[in-house]
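What the coordinates show
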Amino acid sequence: MLSRRNFLTAAVGVAAAGGLAACAKEDDSSTGSSSTGGAKTITLGFSQVGSESGWRSANTTSVKDAAKEAGYNLKFSDAQQKQENQISAIRNYIAQKVDVIAFSPVVVTGWDAVLKEAKAAKIPVVLTDRSVETSDDSLYVTLVGSDFTDEGRRAAKILEKVLTKAGHKGAVKIAQLEGTTGAAPAIERAKGFKEIMDAEHKADWKIVVSQTGDFTRAGGKQVMAAFLQSNPDVNVLFAHNDDMAIGAIQAIEAAGKKPGTDILIVSIDGVKDGFVAMSEGKINAIVECNPLLGPQLMDVVKKVKDGETVERWIKTEESDFMQDQAKAALPSRKY
Amino acid sequence: MTTAPATTAPVTPTSRWRALTRHHLFWPVAVLVLLLLVNVPFTPDFFSIRMADGHLYGSLVSIVLFGSPLILVAVGMTLVIATGGIDLSVGAVVAITGALACSYISDQSDQGALSGVLLAMGLGLLAAVVCGLWNGFLVARMGIQPIIATLIIMVAGRGVAQLITDGQIITINSEPYKLIGGGYWLTLPFSIFVVAAVVVVTVGLTRRTALGLLVEAVGGNAEASRLVGIRSRRIKIMVYMFCALCAGIAGLMISSNTSAADGNNAGLWIELDAILAVVIGGTSLLGGRFSVGGTVVGALVIQTLTTTIYTIGVPTQTNLVFKAAVVIAVCLMQSPKFRAKVFGARFGSRGSATPAAAPADSAAATEAAPKMEVS
């Protein structure tokens, strides 16, 4: 009896350890490295942040697919949200003498040393999605990623359209669900939104409550439930991502109100579940934050390899969606 | 639940007041009431409860609804702490349970089928209990410090949850599953009934039988209780399994509340809130004494504090500082030494029997000298 119990616990432990090992593996398999005739295949070393969200996995898939499409030899590694993993991955790429290194930095600072090593080895570095702070701007060539401030501005702009479409009259009382405190998307999206609001709608728009929902559904739901109690007159919700908006929708429904009608909702990201909610009429508009930057990245890598000069910041191609476009766009959402 | 210290003094208003302030639940309840009152100027109809969408709706209902998972986790944690241990893995167990249940349901052709939902819940809870068994095994059989033993699943468990969900948020659309954490029954949140059942069973098992005494004996001095014939190892394994089961139910609730499993964020840092709830409720981190009722009040205090932060408009950057300041104040108010210094002897007279928020090294507790107090 006892030995059986011990065996069971041991088996679970082994299974758990195996799982850990499985997620720490480095995917070094070259994706579609078909050497094309005489021209040498470009080898790209890419270090991803991790796989913390649906957005991120879509980003990874996009990079892998685009590399295959372009016929590059991609060396991919997952840093599991740890800077030290990412630094060692980059050092590996330097040692392997890849043609170009690309990575989505886990954090903003602390990259100088490893980027200098890359520069000394004459390997150009391209950042994706997020930026870094360095002492020397020549340490990376370009950033391929979203402009979060602009996403905030676009959210304010699309809210104008939503209000017109809903025939809204009178004061616009906005509840804002912020992202994780201190995260760049949270700070910059709030900044961009406020910029447009202060410039063009100072008289009638007002953010009456604003609180962090940590980019999660549970956070969005709980915070919105509290908002509805303390500020029952809120009629617009601006959520920094779709997941918080989805949580908030549930809180609004629990309060006996209709999301999308009693409270107009604008959110950012454009994940699949967000589009599902929008096609059900529960979200009024979504500002896309596009993770599918693989093709753009491959383009840039080619230019950098050929020695062409590229822009310092290459912004991802993104669009805005209103409710009537939701149903049509839904089947093509990949993430 | 512990009983109030009996007073033999003649019943006068003063002695009644003194008996009241000496009750082990007095300070936690006082803090809870104070926190609730703070909300009134900001939310005028804070205490009003009305019908909306066929169920009761109001701030108090929200606090209980959103606080339910924390109450469950904290109740389980109370017993673990009573044995002089600690369980850091509950947050990861929450994530694993939710992930397993939701991924099972999402694979069903009919997500609303009751049998599938029950099986999914069973699977999730089984995984939770296995985690608890593992923790108990490491602590009781292998003699590993509880803080280290449970750290293993705290770190690895979240990875396992992410493996199950494939790093994605799994959204499900299942009415029966929605009931446990986000649904309503008899106009009340269903989770209230689940919490009530767990609390009643826990109190019943620990206070109506000798089990509670045994748990306290193990926490007081594991070696001494073994020598008097208590199977302290078995008791320890049992409390870790119970704690994980509670965390598992909380995990079902959290994922059911949003109809989604988020391996990355579900139950993140809930272990710390649970430990805090246990401490506010008057259970000593040294082990050997516990109060389930106090823990429930403690968890409600924390949930009320969270709601208060959302409603009174504390700027997001100062959320954590505000929370910390309140927690420090609460812990100081519970300390008899502090009360004696500030308010004089009247409030601080309970002496060493008062549940102080002792920031003790719980790891050393099992080896500590006998300090059992049956209160």
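Keep in mind that this is a model prediction, so the values were computed, not measured. (Residues numbered from 1 in each chain as written. Chains lettered and ligands numbered in written order. Predicted model: local features only at pLDDT ≥ 70, side-chain atom pairs only at ≥ 80, totals over all residues. Heavy atoms only, no water.)

1. Quick notes on the overall build of chain A
Within chain A, the regular secondary structure consists of 11 helices and 12 strands. Residues counted as buried form 53% of the 335 residues belonging to chain A. Pairs at least 24 apart in sequence give 74% of the contacts found in chain A among residues at least 6 apart. For chain A, the exposed surface amounts to about 14,200 Å²; the carbon and sulfur share of it is 54%. (Helix = DSSP H or I, 4+ residues; strand = E, 2+ residues; numbered from the N terminus. Buried < 20%, exposed > 50% of the residue type's maximum accessible area, 1.4 Å probe, protein only. Contact = heavy atoms within 4.5 Å. Areas by Shrake-Rupley, 256 points an atom, 1.4 Å probe, with all protein chains shown as cover.)

2. Structural notes on the interface of chain A and chain B
Contacts between chain A and chain B engage 39 residues on the former and 41 residues on the latter. Approximately 3,400 Å² of surface area, both sides summed, lies buried where chain A meets chain B, with 58% of it carried by carbon and sulfur atoms. Of all residues in chain A, A:Gln211, A:Gln222 and A:Gln229 bury the most surface against chain B, accounting for 19% of the area lost on that side. Applying the counting criterion to the chain A and chain B interface returns zero salt bridges. Inspection of the chain A/chain B interface yields 10 residue pairs in polar contact (both at pLDDT 80 or more). A total of 11 residues in the side of chain A that touches chain B trace back to one element, the largest contributor, which is helix H7 (residues 217–230) of chain A. (Buried area = accessible area lost by both parts, 1.4 Å probe. Salt bridge = Lys/Arg side-chain N within 4 Å of Asp/Glu carboxyl O. Polar contact = N/O pair within 3.5 Å; in protein donor to acceptor, adjacent residues only side chain to side chain.)

3. Side note on the sheet that holds strand E9 (residues 264–269) of chain A
Residues and elements named next belong to chain A. As summarised here, the arrangement of the six strands in space is E7-E6-E8-E9-E10-E12, forming an open sheet in which the pairing is mixed. In the strand order of this sheet, the two ends are held by strand E7 (205–212) and strand E12 (320–322), each with one partner. Sheet twist, expressed as the average angle between the axes of neighbouring strands with direction ignored, equals 15°. Pairing geometry for strand E6 (residues 172–178) and E7, over seven bridges, is parallel. Across the sheet, Val 172 pairs through a bridge with Trp 205, a residue of E7. Contacts from helix H6 (residues 184–200) reach E6, E7, strand E8 (236–239) and E9, with the element oriented near 170° to E7. (Pairing = 2+ DSSP bridges. Axes fitted to C-alpha atoms, helices over the stretch in contact; angles between N-to-C directions.)

4. Considerations on the nonpolar core
The biggest cluster of nonpolar side chains holds 90 residues, and the ones touching the most others in it are B:Val73, B:Val94, B:Tyr177 and B:Ile275. Considering every element that reaches this core, the biggest residue donor is helix H3 (residues 59–82) of chain B, with 12 residues. Ignoring any residue separated from it by four or fewer positions in sequence, one finds B:Ile275 in contact with B:Met77, B:Ile81, B:Ile86, B:Leu88 and B:Leu285. Membership of the second largest hydrophobic core comes to 36 residues, among which are A:Ala248, A:Ala251, A:Met278 and B:Tyr57. (Core = buried A, V, L, I, M, F, W, Y, C linked by side-chain atoms within 4.5 Å.)

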